[in-house]
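Close look at the chain arrangement
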Amino acid sequence: MWEKELVVEPPYQFDQVLRRLSNDPLKAVDLNNREIKVPMRIDRNPYVAIVQSTGTTAAPTFRVRANGPEEPIVSDIKRIFGMEHQLQVIHDHFSQTNLSSIFQRHIGTPLMLDFHLYHCLMKCIIHQQLNLSFAYELMKRFVHIYGELIEGVWFDPLPETIADLETDDLRKLQFSQRKAEYVIDLSKRIADGTLCLEEWHHLTDLEMEERLLPIRGIGPWTVQNVLMNGLGRPNLFPVADIGIQNAIKRHFDLPEKPTKEEMAALSKEWEPYLSYASLYLWRSLETDK
């Protein structure tokens, strides 16, 4: 097993990331040791990378350990955890906006991505119209039954595995009929190459919408979620998201949830970092008293 030290440009707050990830039963988080085990696939081969925080928000350093090809694993870790983004530049931008107090309280929170695009897409479909606790439970059943446990870490099922299922297989896990159909159909498209996940990194936001919206089970919320949490696009603002609406209502002390027009007006000064505004508004709703 090789080991590599990473130095990240401050500010960068990893402990808050770990606390949030620890709510997901599929994530192998050790809060005491400030580390997480990350399931990775390089050329379809599974590897487990251990990412441990060894520094502070003001002086962030990390230790990465893994068996497997070092360069692609380190590169993917940096991408997943947003370690190459200049969070100080983003913080300085928002310090001049109407969200300055939220950004001060949560300074250094990175825009962290889902470990894999396939996981992000499946999570978006499975979580639709469910409360968070049951969404986690349904995703856990899906991965435990059809995924793989390696070195104490759960790996998502491969698209080919899900493509071969019948809807009744997922119905037994308490999937709705439509949700089972969506998950299997999407997996078939990925398995047969109709949808190439690797191409998504090179598509514009508009091209992603044109590619995904015609597919059953995918609406604007899912596309925005994939763009933000799967691909890390920095300037997305899901105005239909109830959590963001509630966070704006509380932050601006509004009598009711804001309209789309009000949200558009309030958010003008947040560009070109609307995704970070969304992230910090969610965090404020989760953690601020």
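All residue numbers refer to position in the chain's written sequence, counted from 1. Side-chain atom pairs in this predicted model are given and counted only at pLDDT of 80 or more, local residue features only at pLDDT of at least 70, and totals for whole chains, interfaces and linings cover all residues. Side-chain metrics rest on all non-hydrogen atoms present in the structure, leaving aside hydrogens and water.

**Quick notes on the pattern of salt bridges**
Any two side chains of opposite charge can pair, so long as their charged atoms come close to each other. Note on definitions: salt bridges are taken to be side-chain nitrogens of Lys or Arg within 4 Å of carboxyl oxygens of Asp or Glu. Per the counting criterion, the structure on display carries 18 salt bridges. For the salt bridge of Arg65 with Glu35, the shortest nitrogen-to-oxygen distance reads 3.1 Å. Highlighted residues: Arg65 in strand 5 (residues 61-66) and Glu35 in strand 3 (residues 35-42), separated in sequence by 30 residues. The salt bridge partner of Arg44 is Glu160, with a shortest N-O separation of 3.5 Å. On the criterion of sequence distance, the pair formed by Arg44 in the loop between strand 3 and strand 4 (45-53) and Glu160 in helix 7 (residues 159-163) is long-range, its members being 116 residues apart. Each member of the salt-bridge network shares a partner with another, and the members are Glu3, Glu5 and Arg63. Think of it this way: any DSSP run of H or I at least four residues long counts as a helix, any run of E at least two long counts as a strand, and we number them from the N terminus.

**Here we look at the nonpolar core**
Core analysis: the largest hydrophobic core is formed by 85 residues, its most contacted members being Ile77, Phe81, Phe142, Leu170 and Trp200. The element contributing the most residues to this core is helix 5 (residues 117-127), with 8 residues. Looking at which domains feed residues into this core, each of domain 1 (2-84) and domain 2 (117-224) supplies at least three. Any two residues having at least one pair of non-hydrogen atoms within 4.5 Å are treated as being in contact. If sequence neighbours within four positions are ignored, Phe142 has contacts with Tyr118, Met122, Ile126, Gly147, Pro157, Ile162, Leu170, Leu173, Phe175 and Val183. To qualify as a nonpolar core, a set must consist of buried Ala, Val, Leu, Ile, Met, Phe, Trp, Tyr and Cys residues joined through side-chain atoms within 4.5 Å. Residue exposure (1.4 Å probe, protein chains only): buried if accessible area is under 20% of the type maximum, exposed if over 50%, otherwise partly exposed. Bear in mind that the domain bounds are from an automatic or database domain assignment.

**Some words on the domain arrangement of the protein chain**
Annotation of the protein chain at the domain level lists domain 1 (2-84) and domain 2 (117-224). For domain 1 and domain 2, the distance between their C-alpha centres works out to 24 Å. Of the roughly 1300 Å² buried between domain 1 and domain 2 on both sides combined, carbon and sulfur atoms contribute 67%. Where domain 1 packs against domain 2, one counts 2 salt bridges. Looking at the side of domain 1 that touches domain 2, the elements that each hand over two or more residues are strand 3 and strand 4. Ranked by the residues each element gives to the side of domain 1 that touches domain 2, the list is headed by strand 3, at 4 residues. Among the residues making up the side of domain 1 that touches domain 2, the classes are represented as 8 nonpolar, 1 polar and 6 charged. The term buried area refers to how much accessible surface (probe radius 1.4 Å) is lost by two components on association, counted for both of them together. Put simply, Ala, Val, Leu, Ile, Met, Phe, Trp, Tyr, Cys and Pro go in the nonpolar bin, Asp, Glu, Lys and Arg in the charged bin, and everything else, Gly too, in the polar bin.

**Quick notes on the sheet that holds strand 3**
Two strands pair if DSSP finds at least two bridges between them. Spatially, 1-5-4-3-2 is the arrangement adopted by the 5 strands of the open sheet, whose pairing is antiparallel. One side of each edge strand has no neighbouring strand; the edge strands of this open sheet are strand 1 (2-7) and strand 2 (28-30). Averaged over neighbouring strand pairs, the angle between their axes works out to 25 degrees when direction is ignored. Sheet topology note: the strand 4/strand 5 ladder contains 5 bridges and is antiparallel. Pairing of Ser53 across the sheet is with Phe62, part of strand 5. All axes are obtained by fitting lines to C-alpha atoms, using only the stretch in contact for helices, and the reported angles, taken between N-to-C directions, cover 0 to 180 degrees.

**Examining empty space enclosed by the protein**
Definitions used for this entry: grid spacing 1 Å over protein atoms alone; cavity, a set of points where a 1.4 Å probe fits but cannot get out; pocket, an open set with protein on both sides within 12 Å along at least 5 of 7 lines; lining residue, one with an atom within 4 Å of a point. Grid points are joined across faces, edges and corners, and a volume is the space filled by probe spheres set on the points. Under the definition given, this model contains 1 cavity of 30 Å³ or more. Looking at the largest cavity, its volume works out to about 130 Å³. Around the largest cavity, the lining comprises 13 residues; the ones closest to its centre are Lys27, Pro39, Phe115, His119 and Trp154. Residues belonging to the lining of the largest cavity are distributed by class as follows: 7 nonpolar, 2 polar and 4 charged. Among the domains, domain 1 (2-84) and domain 2 (117-224) are the pair contributing at least three residues each to the lining of the largest cavity.

**Examining the pairing of strand 3**
Most of strand 3 sits inside the fold, with 6 of its 8 residues counted as buried. Bridge analysis of strand 2 against strand 3 gives 3 bridges, and the strand direction is antiparallel. Bridging from a neighbouring strand, Val29 pairs with Ile36 of strand 3. Between strand 2 and the antiparallel strand that follows it, strand 3, lie 4 residues; Arg34 among them carries a positive phi value of about 55 degrees. Connecting the antiparallel pair strand 3 and strand 4 is a turn made up of 2 residues, with Asp43 showing a positive phi of about 55 degrees.

**Section: the packing of aromatic side chains**
Note on aromatic pairs: the rings of Phe, Tyr and Trp (six-membered ring only in Trp) are paired at centre separations within 6.5 Å, and the planes decide the class, stacked below 30 degrees, edge-to-face beyond 60, tilted for the rest. Per the counting criterion, the structure on display carries 9 aromatic pairs. Relative to Phe14, the ring of Tyr12 has its centre 6.4 Å away and its plane inclined at 20 degrees; by these criteria the two rings are stacked. With a relative accessible area of 2%, Tyr12 lands in the buried category. A ring pair is formed by Phe94 and Phe103, whose centres lie 3.9 Å apart and whose planes are at 5 degrees; its orientation type is stacked. Phe103 shares its class with Phe94; the two are buried. Linked through ring pairs, Tyr12, Phe14, Phe62 and Phe81 together constitute an aromatic cluster. One cation-aromatic arrangement involves Lys27 over Phe115; the distance from NZ or CZ to the ring centre is 5.2 Å. Working rule: Lys NZ or Arg CZ, within 6 Å of ring centre, within 35 degrees of ring normal, means a charge sits over the ring.

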